[in-house]
Amino acid sequence: MRRLWKRLFQYLFPDPARIAQEIEPINSRRRELAGLNDEELKAAGRRATTLMDVVAVTAVVAARVLGLEMFDVQLRGALAMANGRIAEMQTGEGETLAAVPAVIWYARQGRGVHVMTVNDYLARRDSQWMG
């Protein structure tokens, strides 16, 4: 029983060093994708089959379309959500932007996605902003 709790805790709250190892390849891939023109980036997005590629493409698109760079904390949140884990972020850390790669990841797998907030203003703003 103790091992089960330990595994559950490790699943929900993975080692930060391991997460950091997942972030660097995404940032590396982002740098590669940033050099593509819009059509090439769209094609790369259609070909993306791994979570790393989906997150990287999403980050580049967010930078081009919205003018918002995804920081490592947002990438960590995106990875956590896409892997079914808890992502706790402080107000103003870009929770909405962090949710986008996870939503895309689930949608591309044909899985249902619901994004919820308790704030009506943010729900309206973000549904238009991230639509």
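Note that this is a predicted model, so its numbers are computed, not measured.

**Digging into the overall build of the protein chain**
- When you go through the protein chain residue by residue, the secondary structure sums to 7 helices and 0 strands.
- Counting from the amino terminus, helix and strand elements in the protein chain follow one another as α-α-α-α-α-α-α.
- In summary, the protein chain has a C-alpha radius of gyration of 15 Å against a globular reference of 14 Å for 131 residues, a match within 12%.
- The dimensions of the protein chain, computed from C-alpha atoms along their principal axes, are 55 × 35 × 30 Å.
- Put simply, the protein chain has 131 residues, and 31% of those count as buried.
- Restricting to contacts in the protein chain with at least 6 residues of sequence separation, those with at least 24 account for 62%.

**Thoughts on the confidence of the model for the protein chain**
- Averaged over the protein chain, the pLDDT score is 87; the fraction of residues at 70 or greater is 98%.
- At the level of individual helices and strands, the protein chain shows its lowest average pLDDT in helix H7 (residues 120–130), which scores 76, and its highest in helix H3 (residues 38–47), which scores 96.

**Points about helix H2 (residues 16–34)**
- With 19 residues, H2 extends 27 Å between its outermost C-alpha atoms, agreeing within 8% with the 27 Å of an ideal straight helix rising 1.5 Å per residue.
- Of all the positions in H2, only Ile19, Ile23, Ile26, Asn27, Arg30 and Leu33 are classed as buried. The arc enclosing the buried residues of H2, seen along the axis, measures out at 120 degrees, which places them on a common side. In H2, the exposed positions angled more than 90 degrees off the buried face are occupied by Gln21 and Arg31.
- Residues of H2 that are buried sit in contact with H3, helix H4 (51–66) and helix H5 (72–82).

Definitions and cut-offs
- Residues numbered from 1 in each chain as written.
- Predicted model: local features only at pLDDT ≥ 70, side-chain atom pairs only at ≥ 80, totals over all residues.
- Heavy atoms only, no water.
- Helix = DSSP H or I, 4+ residues; strand = E, 2+ residues; numbered from the N terminus.
- Rg over C-alpha atoms; globule rule 2.2 N^0.38 Å.
- Buried < 20%, exposed > 50% of the residue type's maximum accessible area, 1.4 Å probe, protein only.
- Contact = heavy atoms within 4.5 Å.
- pLDDT = per-residue confidence, 0-100.
- Expected span 1.5 Å × (residues − 1).
- Arc of directions from axis to C-beta.

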